[in-house]
Each structure stands twice: as C-alpha cells, then as structure tokens.
Amino acid sequence: MTITAANNNQETRLNVKGKASDGTVHTVSLTAKRSSNRGSIEVGGSEKLTITSDGYIGVNQTAPTSELQVGGGTNPMTAKPTLHVAPSSGNAAMSLRGGRPSIYFDGTSGGHTRFLTDSTDIAISTGNLDSAGTERFRFRTGGGLCFNGDTAAANALDDYE
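All of these numbers come straight from a predicted model, not from anything done at the bench. (Residues numbered from 1 in each chain as written. Predicted model: local features only at pLDDT ≥ 70, side-chain atom pairs only at ≥ 80, totals over all residues. Heavy atoms only, no water.)

Asker: Any chance you could explain the environment of L129 here in plain terms?
Answerer: With respect to the helices, strands and loops of the structure, L129 is situated in the loop between β8 (122-126) and β9 (134-139). For L129, a relative accessible area of 64% gives the class exposed. Linking L129 and M94, residues 35 residues apart in sequence, is a C-alpha distance of 9.0 Å. Not counting the four nearest positions on each side in its chain, L129 is found in contact with A93 and S95. (Helix = DSSP H or I, 4+ residues; strand = E, 2+ residues; numbered from the N terminus. Buried < 20%, exposed > 50% of the residue type's maximum accessible area, 1.4 Å probe, protein only. Contact = heavy atoms within 4.5 Å.)

Asker: What should I look at first to understand a nonpolar patch on the surface in this one?
Answerer: A contiguous nonpolar surface patch, about 990 Å² in accessible area, is contributed by M94, L96, I103, F105, F115, I122, I124, F137, F139 and F147. Counting only elements with at least two residues in the nonpolar patch, the list comes to β8 and β9. (Patch = residues over 30% accessible without salt bridge, like charges linked within 9 Å, V, L, I, M, F, W, Y side chains within 5 Å. Areas by Shrake-Rupley, 256 points an atom, 1.4 Å probe, with all protein chains shown as cover. Salt bridge = Lys/Arg side-chain N within 4 Å of Asp/Glu carboxyl O.)

Asker: So what exactly am I meant to see when it comes to the sheet that holds β9 here?
Answerer: Hydrogen bonds between backbone atoms are what pair the strands of a sheet, whose relative direction is either parallel or antiparallel. Strand order in the open sheet formed by three strands is β8-β9-β10, and the pairing between neighbours is antiparallel. Edge strands, defined here as strands with exactly one partner in the open sheet, are β8 and β10 (145-147). Going across the sheet, the axis of each strand differs from the next one's by a mean of 20°, ignoring polarity. Bridging between β8 and β9 involves five bridges; their strand directions are antiparallel. Pairing of I124 across the sheet is with F137, part of β9. (Pairing = 2+ DSSP bridges. Axes fitted to C-alpha atoms, helices over the stretch in contact; angles between N-to-C directions.)

Asker: How do you make sense of the packing of aromatic side chains when you look at a structure like this?
Answerer: A complete count under the given rule lists two aromatic pairs for this structure. For the ring pair F105 and F115, a centre distance of 5.6 Å and an interplane angle of 70° mean the geometry is edge-to-face. Residue F105 is located in the loop between β7 (83-85) and β8, and its partner F115 is located in the loop between β7 and β8; the two are separated by 10 residues in the primary sequence. The exposure class of F105 is partly exposed, given its relative accessible area of 42%. When the centroid spacing of 5.6 Å and the interplanar angle of 70° are considered together, the rings of F137 and F147 count as edge-to-face. Taken together, the residues F137 in strand β9 and F147 in strand β10 connect sequence positions 10 residues apart. By relative accessible area, F137 is classed as partly exposed at 34%. (Phe/Tyr/Trp six-rings, centres within 6.5 Å; stacked < 30°, edge-to-face > 60°.)

Asker: It is not clear to me how the layout of surface pockets should be interpreted in this structure. Could you clarify?
Answerer: With a probe scaled to a water molecule rolled over the atoms, the places where space remains empty come into view. Its volume calculated, the largest pocket comes out at about 1700 Å³. Lining the largest pocket are 28 residues, with A92, M94, F115, L116 and T117 positioned closest to its centre. Only β7 and β8 provide two or more residues apiece to the lining of the largest pocket. With four residues, the top contributor of residues to the lining of the largest pocket is β8. Grouping the constituent residues of the lining of the largest pocket by class yields 18 nonpolar, eight polar and two charged. (1 Å grid on protein atoms, 1.4 Å probe; cavity = no way out; pocket = protein on both sides within 12 Å on 5 of 7 lines; lining within 4 Å. Points joined across faces, edges and corners; volume = space filled by probe spheres on them. Nonpolar A, V, L, I, M, F, W, Y, C, P; charged D, E, K, R; others polar.)

Asker: Please explain unusual backbone geometry as it appears in this structure.
Answerer: With glycine set apart, most residues show a phi of negative sign, and most peptide bonds adopt trans. Phi is positive for N60, which is not a glycine, with a value near 55°. Looking at where N60 falls in the secondary structure, it is placed in the loop between β5 (57-59) and β6 (68-70). Of the residues examined, N60 reaches a relative accessible area of 45% and is grouped as partly exposed. Of note, the phi angle at S119 is positive, near 65°, even though the residue is not glycine. The topology assignment puts S119 in the loop between β7 and β8.

As structure tokens, this is what we get:
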C-alpha cells in the first residue's frame, strides 16, 4: 500500500482511529513531513516519536541531535552523545532492573572510563527513584571522598596518600 500526498507541498499522514466503549475516539498518526524530511508518530495529537533523515531518533523530542534523544531538553554540547536524556522539566533518571543490573564500560579501543559532571559532587545512595534514600559515598567535585552522608571537609578523605 502506498499513500501519497496530493501535491509536493504537503505532509502525508496516515491516521488510525480507535473508539473506546464510551465513544471516545483515540488517534495514532504516522506522518511523513516533506518540509523537514522526517517521519513521526503522533498519539493523542502530539508527536511522540521522530525519525530524521540522518537517522536520529527522538522520543518526546521533535528535533533530535543525537542518535537517540529522550525528552524535550536540548543538548548543550557540541559533541553529540549516542544517547542524550534530558526532560523539558524535572530530573532525568535511568532505571536498570533485574537480578544483577549492570553497567558495562568497554574500553578495548583504548583510553579509560570517565564519569563527568558539571562541577557537582557524585553521590551513591541506597534507595529508589521515589525516595532520596541514604547516602553512602560522595565523590566531591574538588576532590575527596565522604562516607555515610558526612559531607564535611574535615571528615572527608581529602589528602589520602
């Protein structure tokens, strides 16, 4: 099946409509946008998934600048990450679930693994996304390591040799 726009200046849209038992109509649209050379999926009248002509995918992002960009926030860097998570408001979060959730850094091509922050401490806490939990370790932005929620400089391992 081929669906073609009536003329060269239009976007092409395929609407799929479903009706709930109360008569409410729900629409999912697949759109090819000629002017921006991208495709999108709209649900409930707003764009939820975008695929650009250069292969970038945006989830709740209509103009992704990374291979996979999640959220409406923009990427402030000139180097574009493979995955960029930035909600329009609120905090970005990632959850891994399973018996032994893992993050693996493969450095076989050389270099070393890095955690970068924008001049903020890194805290490791017990807990979950619904609560702050209990802080166990803090790597301070100026150097030093703190334990069990104690962030006072006098009690941190600042000058361990």
